[in-house]
Amino acid sequence: MTAERSHLCHPLLDHTLCRTFNGNKTYVEVERPSIVATYNKYRYMGGVDLLDSFTDKYKFPMKSRRWYEYIFWHTIILAVINACLLYKWECSALKRPKQEILNRRQFQADLASALILDE
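Rules used in this analysis
Residues numbered from 1 in each chain as written. Predicted model: local features only at pLDDT ≥ 70, side-chain atom pairs only at ≥ 80, totals over all residues. Heavy atoms only, no water. Helix = DSSP H or I, 4+ residues; strand = E, 2+ residues; numbered from the N terminus. Buried < 20%, exposed > 50% of the residue type's maximum accessible area, 1.4 Å probe, protein only. Areas by Shrake-Rupley, 256 points an atom, 1.4 Å probe, with all protein chains shown as cover. Salt bridge = Lys/Arg side-chain N within 4 Å of Asp/Glu carboxyl O. Expected span 1.5 Å × (residues − 1). Polar contact = N/O pair within 3.5 Å; in protein donor to acceptor, adjacent residues only side chain to side chain. pLDDT = per-residue confidence, 0-100. Axes fitted to C-alpha atoms, helices over the stretch in contact; angles between N-to-C directions. Parallel < 35°, antiparallel > 145°, perpendicular 65-115°, else oblique. Left-handed = near helix turned anticlockwise from the far one by under 90°. Contact = heavy atoms within 4.5 Å. Nonpolar A, V, L, I, M, F, W, Y, C, P; charged D, E, K, R; others polar. Phe/Tyr/Trp six-rings, centres within 6.5 Å; stacked < 30°, edge-to-face > 60°. Disulfide = S-S within 2.5 Å.

A separate point is the overall build of the protein chain. Secondary structure summary: the protein chain contains five helices and two strands in total. Counting over 119 residues, the protein chain shows a buried share of 12%. Total accessible area computed for the protein chain in this model is approximately 10400 Å², and 59% of it derives from carbon and sulfur atoms.

Attention now moves to the pattern of salt bridges. In this structure the tally under the stated criterion is one salt bridge. Residues Arg66 and Glu69 are paired through a salt bridge, measuring 3.2 Å at the closest nitrogen-oxygen approach.

For the rest of this paragraph, the subject is helix H5 (residues 104–116). The terminal C-alpha atoms of H5, which comprises 13 residues, lie 18 Å apart, in line with the 18 Å expected from a rise of 1.5 Å per residue. Between the side-chain oxygen of the N-cap and the backbone nitrogen of Arg105 there are 3.3 Å, and the N-cap of H5 in question is Asn103.

Once that is clear, we can look at the confidence of the model for the protein chain. This prediction gives the protein chain a mean pLDDT of 77; 76% of its residues lie at or above 70. Element-level mean pLDDT values for the protein chain span from 47 in helix H1 (residues 2–6) up to 90 in H5.

A rise of 1.5 Å per residue sets the reference length of helix H4 (residues 67–93), with its 27 residues, at 39 Å; its end C-alpha atoms lie 39 Å apart and thus fit the reference within 8%. Inspection of H4 places Ile77, Val80, Ile81, Cys84, Leu85, Tyr87 and Cys91 among the buried residues, and these make up the whole buried set. At the exit of H4 stands Lys95, carrying a positive phi of roughly 55 degrees.

The interhelical angle for the contact between H4 and H5, taken along N-to-C directions, is 115 degrees, at an axis separation of 10 Å. Judged by the angle between their axes, H4 and H5 are roughly perpendicular. Crossing of H4 over H5 shows right-handed handedness. Along the contact surface, H4 presents Val80, Ala83, Cys84, Tyr87 and Lys88, while H5 presents Arg104, Phe107, Gln108 and Leu111. Here the residues of the contact of H4 with H5 sort into six nonpolar, one polar and two charged.

The next subject is the packing of aromatic side chains. Following the criterion strictly, the structure yields three aromatic pairs and no others. A ring pair is formed by Phe72 and Trp73, whose centres lie 5.1 Å apart and whose planes are at 75 degrees; its orientation type is edge-to-face.

Moving on, we come to the environment of Phe107. Within the element layout of this structure, Phe107 appears in helix H5. Under the relative-accessibility criterion, Phe107 is labelled buried at 12%. For the pair Phe107 and Cys84, spaced 23 residues apart in sequence, the C-alpha to C-alpha distance is 6.7 Å. Here Phe107 is in contact with Val80, Ala83, Cys84, Tyr87 and Leu102, once residues within four sequence places are set aside.

A few words now on the state of the cysteines. Under the criterion given, the structure shown has zero disulfides. Of the cysteine sulfurs around Cys84, a residue in no disulfide, the closest is that of Cys91, at 9.3 Å. Cys84 gets classed as buried once you look at its relative accessible area, which sits at 4%. Judged by its relative accessible area of 3%, Cys91 falls in the buried class.

As structure tokens, this is what we get:
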């Protein structure tokens, strides 16, 4: 799939951008490949990048010599993050006030207590 998407842009066409250096207010022209511009425009991997950043941010230390345990817990973490994102999207669709929307830690704690305690 990545190989197919990399053929959307010509590899030799570059875009030039103006960038500043460390607040010096001096502008320097920098070239970037056209595939980077296409990636930024359409965000083909935006959801994957977002999910990876959430999993890296909210990892809990777990060591195991069994590879399948790591895959199991990683799948659980992904499911919790996806459920939290769905919860936030539903709350915004229902136009709930921001004070009523749970943050990720509160959502995770409520989810864990709902799964453990049979209410």
